[in-house]
Amino acid sequence: MFFEMTVQIRVSDFQEGHKWYKTLLKKEADLIPHGGFVEWEVIPGCWLQVSEGVPAQGSGPLRLGVKDLTVERERIMKELSVDYFDIHSRQEVGAKWATFSDPWGNQIGFFEYINKLEEKERIQTVTNLK
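Residues numbered from 1 in each chain as written. Predicted model: local features only at pLDDT ≥ 70, side-chain atom pairs only at ≥ 80, totals over all residues. Heavy atoms only, no water.

K.L.:
What is the right way to read the overall build of the protein chain from this model?
P.N.:
Helix and strand counts for the protein chain come out as three helices and seven strands. Each helix (α) and strand (β) of the protein chain, taken in turn from the N terminus, gives the series β-α-β-β-β-β-α-β-β-α. Relative to the compact-globule value of 14 Å for 130 residues, the protein chain shows a C-alpha radius of gyration of 15 Å, a close match. Projected onto its principal axes, the C-alpha coordinates of the protein chain cover approximately 40 × 40 × 25 Å. (Helix = DSSP H or I, 4+ residues; strand = E, 2+ residues; numbered from the N terminus. Rg over C-alpha atoms; globule rule 2.2 N^0.38 Å.)

K.L.:
Any chance you could explain the confidence of the model for the protein chain here in plain terms?
P.N.:
With 98% of its residues at a pLDDT of 70 or more, the protein chain shows a mean pLDDT of 94. Per-element averaging of pLDDT across the protein chain places helix H3 (residues 116–127) at the bottom with 89 and helix H1 (residues 14–25) at the top with 98. (pLDDT = per-residue confidence, 0-100.)

K.L.:
Would you mind showing me how to read unusual backbone geometry here?
P.N.:
The bulk of non-glycine residues show a negative phi, and the bulk of peptide bonds are trans. One non-glycine residue, Lys26, lies in the positive phi region at around 60°. Along the polypeptide, Lys26 turns up in the loop between H1 and strand S2 (31–34). Phi angles above zero are rare outside glycine, and Ser81 is one such case at about 55°. With respect to the helices, strands and loops of the structure, Ser81 is situated in the loop between helix H2 (69–80) and strand S6 (95–101). Given the relative accessible area of 62%, Ser81 is considered exposed. (Buried < 20%, exposed > 50% of the residue type's maximum accessible area, 1.4 Å probe, protein only.)

K.L.:
Teacher, can you tell me more about the sheet that holds S2 here?
P.N.:
By way of backbone hydrogen bonds, the strands of a sheet pair with one another, either parallel or antiparallel. Overall, mixed pairing links the four strands, which are arranged S1-S4-S3-S2 in an open sheet. Both edges of this open sheet fall to strand S1 (5–11) and S2, since each of them pairs with a single strand only. When the angles between neighbouring strand axes are averaged without regard to direction, this sheet yields 25°. One ladder, built from two bridges, connects S2 with strand S3 (residues 37–43); its direction is antiparallel. Looking across to S3, one finds that Leu31 is bridged to Glu39. (Pairing = 2+ DSSP bridges. Axes fitted to C-alpha atoms, helices over the stretch in contact; angles between N-to-C directions.)

K.L.:
Looking at this structure, I do not really get the environment of Glu112. What am I missing?
P.N.:
Relative to the assigned elements, Glu112 resides in strand S7 (residues 107–113). Assessed through its relative accessible area of 7%, Glu112 is described here as buried. Distance from Glu112 to Ser101, taken between C-alpha atoms, is 18 Å for residues eleven residues apart in sequence.

K.L.:
Quick question: what am I supposed to make of the nonpolar core here?
P.N.:
Buried together is how nonpolar side chains tend to be arranged in soluble globular proteins. Residues Trp20, Tyr21, Leu24, Ile76, Phe100 and Phe110 are the most contacted members of the largest nonpolar core, which totals 24 residues. Of all the secondary-structure elements, those providing two or more residues to this core are S1, H1, S3, strand S4 (46–52), H2, S6 and S7. Sort the elements by how many residues they give to this core and H1 lands first, with five residues. In this structure, Ile76 is in contact with Leu24, Ser81, Val82, Phe85, Phe100 and Phe110, ignoring residues within four places of it in sequence. (Core = buried A, V, L, I, M, F, W, Y, C linked by side-chain atoms within 4.5 Å. Contact = heavy atoms within 4.5 Å.)

In structure tokens, the structure reads:
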């Protein structure tokens, strides 16, 4: 049984990376166990670690669920100077998605449920974990 998950992203400029991901996630880090390393609990039991180092080539994207993909795209384009990126969808897929890069080349993305009832159920499941 798996009960938690961590994903690590490496950045070559740790101070800027820490600041960039704090803005992306809209919150302060949950843990700073030592220099060059910081962690956020994105949702219960799911941690994003940002570490100083050489970014991994060809990995990702790490996709984060959002309520409004268009609003989030506009926010990060403004707040983080991310270039415009397209939003994609397919009829057979129940979500829209988009991918962009952080300043170190790590692939990040957002997705939004098309069925808002399904989205509400997923949010309720995550927020009611015990």
